[in-house]
Amino acid sequence: MERETFVSEAELAAQKPFIEQVRGYYSALLSGKQPLAFVRTFGCQQNVADSEKVMGMLKEMGFGFTDTPDEADFILFNTCAVREHAEDRVFGNVGALKRLKEDKPSLVIAVCGCMVQQEHIADKFYKSYPFVSLLFGTHRLHAFPELFAKVLFGKKRVKDITAEDGRIAEGLPVYRGEDKSGAWLPIMYGCNNFCTYCIVPYVRGRERSRRPEDIVAEAKELIAAGYKEITLLGQNVNSYGKAEGYDVDFPALLKMINDLPGDFLIRFMTSHPKDATKRLFDTIAECKKVSRHFHLPFQSGSNRILKEMNRRYTREQYLDLIAYAKSVVPDIAFTSDVIVGFPNETEEDFQATLDLVKEVGFVSLFTFIYSKREGTPAATMFDPVTHEEKGKRMARLTALQEEIAAEHSAALVGQTFKAILENDAGGFIEARLPDNRVVRVQADKALLGKRADVTVTEAKSWVLYGEVTAVYD
Ligand code: SAH
Ligand code: SF4
Ligand code: F3S
């Protein structure tokens, strides 16, 4: 049978009465005072985008938002399963909520996201954290109002991790907060790649892409609302539309958004090298609104390890792509993800990673020590390398990257870039350059969210300092 790609309109409409019920419940409970929600998101931007949808639904239920868990009537943790460390943090943080529930019995605590989508983890939460009332997986986001109402009116704990194996719910409300500098725009969900170390395909289901017209319509809304940066999201944006057989592929989608009127910057993540084509870089060269920052995870520089990881490209193919990209987009800045200490990684394999890092000259790297994920093929692979040795390799890689980053930074001094005054970091404002690097500038807080010319004046190791020389709109 054809897989069902979309959650039907009837099913989505069936959620509306639950929104009203929850609203009514809190209005009675708090005698008309606005209920408050505390939402904390772990993991990648996909999770941030999911939280924005849950917050959209909460807003429709009458909720406001707070940064203080003590004030909240509803607490949600949206979790990440990608590494053990991420999971441990969540267990610790959720554990700390017990006291709040004791102080305020009406408080509802919920945990959702990628961790919960794994049955053994959902069971652990259910058994060991009785103060958590609601557990729901990544496939049940659109059913949040119904699940919430069940907790409130059924007076019982609810656990729902039904895996519908990937459907798209269009038209959910999204609450993106007050900051208009950047917006996340999911273009696809799930992953089909099954890299042998990775849990994501198991907790996010099969790859599925939104219709191009729905994406373009949302991009138009974001531009009209004044967003200066739109980041297209997916685990592997380069295979956009393939599963559905759309006649719009990722380069074509980029061009459609680039051609929308307005002054905005387009970013996207993440790209898988196996699906990145020369045509994609040709398109970027043509599309002036597309950021010159490109995140292209290579994971390992060793062909043997790449094969064991099931990445389906070689280091030569990766380096070829980078060389082609630099030839057609000379100002392109690459960043990447690297895993150190994949099972049975030898010193020679690791050297190949260091060599690749030197050859490409990334502006920055996200480096991770391999973390065993239950249920993935790599979890059962032979791994004689000690944790201590993996730690040493990590330190060597980080030291090398720091040298490279310092060279990049020094080369920027004296140059002027069009940047976005993005974040008030207390004492200074962080301006984001087109290649994604951050420059600290002194500027009036009233300018937050605006575009400005920023001249880099000083580079200290990886920190850049600069001055605002012009402000736009
Ligand atoms: N879809 C994206 C990455 C999603 S996960 C891609 O393919 O590029 C983000 C990063 O976490 C990965 O690129 C990888 O470097 C890292 N990662 C994933 N699983 C991991 C594991 N088991 N141990 C250590 N790092 C991991
Ligand atoms: Fe994980 Fe690989 Fe999919 Fe990225 S492409 S989410 S690393 S399985
Ligand atoms: Fe983590 Fe899930 Fe993203 S596992 S990295 S939050 S897709």
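First, a word on what this report is: a plain description of the structure on this page. Predicted, not measured: the structure shown is a model, and the values here were computed from it. (Residues numbered from 1 in each chain as written. Chains lettered and ligands numbered in written order. Predicted model: local features only at pLDDT ≥ 70, side-chain atom pairs only at ≥ 80, totals over all residues. Heavy atoms only, no water.)

## With respect to the sheet that holds strand S11 (residues 265-269)
Here three strands make up an open sheet; going across it, the order is S7-S10-S11 and the pairing parallel. The sheet is open, and its two borders are formed by strand S7 (182-186) and S11, each paired with just one other strand. Across the sheet, the axes of successive neighbouring strands diverge by a mean angle of 25°, strand direction being ignored. The pairing of S7 with strand S10 (residues 229-233) spans five bridges and is classified as parallel. (Pairing = 2+ DSSP bridges. Helix = DSSP H or I, 4+ residues; strand = E, 2+ residues; numbered from the N terminus. Axes fitted to C-alpha atoms, helices over the stretch in contact; angles between N-to-C directions.)

## Side note on the sheet that holds strand S18 (residues 451-460)
Read around the barrel, five strands follow the order S15-S16-S17-S19-S18 and close on themselves; strand pairing throughout is mixed. Averaged over all pairs of adjacent strands, the angle between strand axes in this sheet comes to 55°, irrespective of strand direction. The sheet contact formed by S18 and strand S19 (residues 463-471) spans eight bridges and is antiparallel. Residue pairing for S19: valine 454 is matched across the bridge by valine 468. The strands that helix H15 (residues 387-412) touches are strand S15 (416-424), S18 and S19; relative to S18, the one it contacts most, it runs at about 125°. (Contact = heavy atoms within 4.5 Å.)

## Considerations on the site of ligand 1
Inspection of the region around ligand 1 gives 15 residues, with Tyr197, Gln235, Gln299, Asp337 and Ser371 positioned closest. Within the backbone of tyrosine 197, a nitrogen or oxygen atom sits 3.0 Å from a nitrogen atom of ligand 1. Aspartate 337 places a polar side-chain atom, nitrogen or oxygen, 2.7 Å from an oxygen atom of ligand 1. If you list the elements that add at least two residues to the shell around ligand 1, you get strand S13 (333-340) and strand S14 (364-369). By residue class, the composition of the shell around ligand 1 is seven nonpolar, four polar and four charged. (Near = heavy atom within 4 Å. Polar contact = N/O pair within 3.5 Å; in protein donor to acceptor, adjacent residues only side chain to side chain. Nonpolar A, V, L, I, M, F, W, Y, C, P; charged D, E, K, R; others polar.)

Interpretation in functional terms is not warranted from these geometric data alone.
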